[in-house]
Amino acid sequence: MLLFLFLGTLTIKDATELKFPASFVETEVQRVDALGEDCKRLIKVCSCFGLEFREKDLLAVAPRFLTRPSQISEVLAELRMCSKVCD
Amino acid sequence: MISNLRFIVDVGVFLVSLVSLVSLVSLVSHLCFSSLLCYIFLIFTLLLFSSQVVPVLEKTTHLTFRHQILLEASYNLMLTSQRQEVHCAIADLFDSSTVETELAVHASHHMRAGHTDRACSLLCAAAVAAIKNNEIKEAVNMLTEALANDENKVNQAYYLGLMAWESVRKLQNDVGGSMAMNGLLLLAEATGDSSLIPRIVTQTELDESHLEWNELQDMPPEDETDVSILEKATSLCMISVAKCIYSPSYGHKVPERLEREFGFKDIAMPGR
């Protein structure tokens, strides 16, 4: 019972409070850096929206930041394929 | 939001079905009654399938990052100027959008885009909404952020007044009273009106104030837009200070400060 109470106090209420080790973030930075130019640009725009956002808003904002604005749907599909963002 | 609207439409469809069923039944039995119901049915159908209802059915897809680390990594890859540009575009989109966006989210994009004034006004609106929903912690966080970024002293006093009143309501008189008095000092500095600073008044001034008080309306105006930020800030700060004076058992720092800084003597403090 006491163990459960102790574990309960360790629960983190907000996921954003978590601090990740620098090596984790650096690995992800390298992975993002390895993406294609437009994919990289699009994921950066996505990161400005936050963890969850409307696809419609992204489609309205992102094209001006891409090298091929007309192909935003393809770029987004590519990001989905490599499991960077999901529905 | 969308699910709520869908629910409303579903209820509408249910009502149409119900009315049509009743009208069919009554068509058989009572001709006059059925014609009336048929009219009702027609109106419901027109409402449901009019252009005002159709956009509600539009599906909104939400995208989510697979992991918070991925978001942070992507965000850290951008230069400050690039982030500002994207946040600016997002803020402009939300400004012109008809789709309701959370005020705090909207404010954060304006803040990061460097539109401090707009961000602070949105933060304040979000805080007031949070207070109405009894989400005090969130409201205080938003007001603190607005206070740190807004350079307008009247606005700063308003944020302090809101926080002060909420603290005093929770009987945290020392914290609330201190904020309210700082708010009054800011207001006096911004307007050049020294009468806003707590001071000892003559009997004549007191009688005049009492007369003015009696002429006030019993209830505050329903439309808050008519009340200026200056008036709101003044009222909130003054009421908070007054509450601290008249309930000293919950904190005695305000009466002490009044004596120390503003020359008051022998303030009635039954709880002290």
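Up top is the structure these notes are about.
Residues numbered from 1 in each chain as written. Chains lettered and ligands numbered in written order. Predicted model: local features only at pLDDT ≥ 70, side-chain atom pairs only at ≥ 80, totals over all residues.

Draft legend 1. Just the overall build of chain A, in detail. Helix and strand counts for chain A come out as five helices and two strands. Listed by position from the N terminus, the elements making up chain A come as α-α-α-β-α-α-β. Burial statistics for chain A: of 87 residues in total, 25% are counted as buried. Within chain A, contacts between residues separated by at least 24 positions form 46% of all contacts whose residues are at least 6 apart in sequence. (Helix = DSSP H or I, 4+ residues; strand = E, 2+ residues; numbered from the N terminus. Buried ≥ 20, exposed ≤ 12 C-beta atoms within 10 Å, placed from the backbone. Contact = placed C-beta atoms within 7 Å.)

Draft legend 2. Seen up close, the overall build of chain B. A count of helical and extended segments in chain B gives 12 helices and one strand. Element order for chain B, N to C, with α for helix and β for strand: α-α-β-α-α-α-α-α-α-α-α-α-α. With 272 residues in all, chain B has 28% of them scored as buried. Taking the intrachain contacts of chain B between residues at least 6 apart in sequence as the baseline, contacts between residues at least 24 apart amount to 51%.

Draft legend 3. Geometry of the interface of chain B and chain A. Between chain B and chain A, the residue contacts involve 24 residues of the former and 34 residues of the latter. Those elements giving two or more residues to the side of chain B that touches chain A turn out to be strand S1 (62-65), helix H3 (68-76) and helix H4 (80-96) of chain B. A total of nine residues in the side of chain B that touches chain A trace back to one element, the largest contributor, which is H3 of chain B. When its residues are assigned to classes, the side of chain B that touches chain A shows 13 nonpolar, eight polar and three charged. As judged from the three bridges shared by strand S1 (residues 52-54) of chain A and S1 of chain B, these two strands associate in the antiparallel manner. From the neighbouring strand, Arg-54 of chain A faces S1 of chain B, where its bridge partner is His-62 of chain B. (Nonpolar A, V, L, I, M, F, W, Y, C, P; charged D, E, K, R; others polar. Pairing = 2+ DSSP bridges.)

Draft legend 4. Up close: the nonpolar core. Residue and element names in this part refer to chain B. Leu-123, Ala-127, Leu-143, Tyr-159, Leu-160, Ala-164 and Cys-237 are the most contacted members of the largest nonpolar core, which has 40 residues in total. Listing elements by their share of this core, those giving two or more residues are helix H5 (103-113), helix H6 (116-132), helix H7 (136-149), helix H8 (153-169), helix H9 (173-191), helix H11 (229-246) and helix H12 (253-262). With sequence-adjacent residues up to four places away left out, Ala-127 is seen in contact with Ala-139, Met-142, Leu-143 and Leu-162. (Core = buried A, V, L, I, M, F, W, Y, C linked by C-beta atoms within 7 Å.)

Draft legend 5. Structural view of the packing of H6 of chain B against H7 of chain B. All names here are of chain B. Relative orientation of the contacting elements H6 and H7 amounts to 160°, with a least axis distance of 8 Å. One element, H6, and the other, H7, form an angle in the roughly antiparallel class. The two elements H6 and H7 meet at a crossing, and its hand is left-handed. Contacts between H6 and H7 involve Thr-116, Ala-119, Cys-120, Leu-123, Cys-124, Ala-126, Ala-127, Ala-130 and Ile-131 from the first element and Ile-136, Glu-138, Ala-139, Met-142, Leu-143, Glu-145, Ala-146 and Asn-149 from the second. (Axes fitted to C-alpha atoms, helices over the stretch in contact; angles between N-to-C directions. Parallel < 35°, antiparallel > 145°, perpendicular 65-115°, else oblique. Left-handed = near helix turned anticlockwise from the far one by under 90°.)

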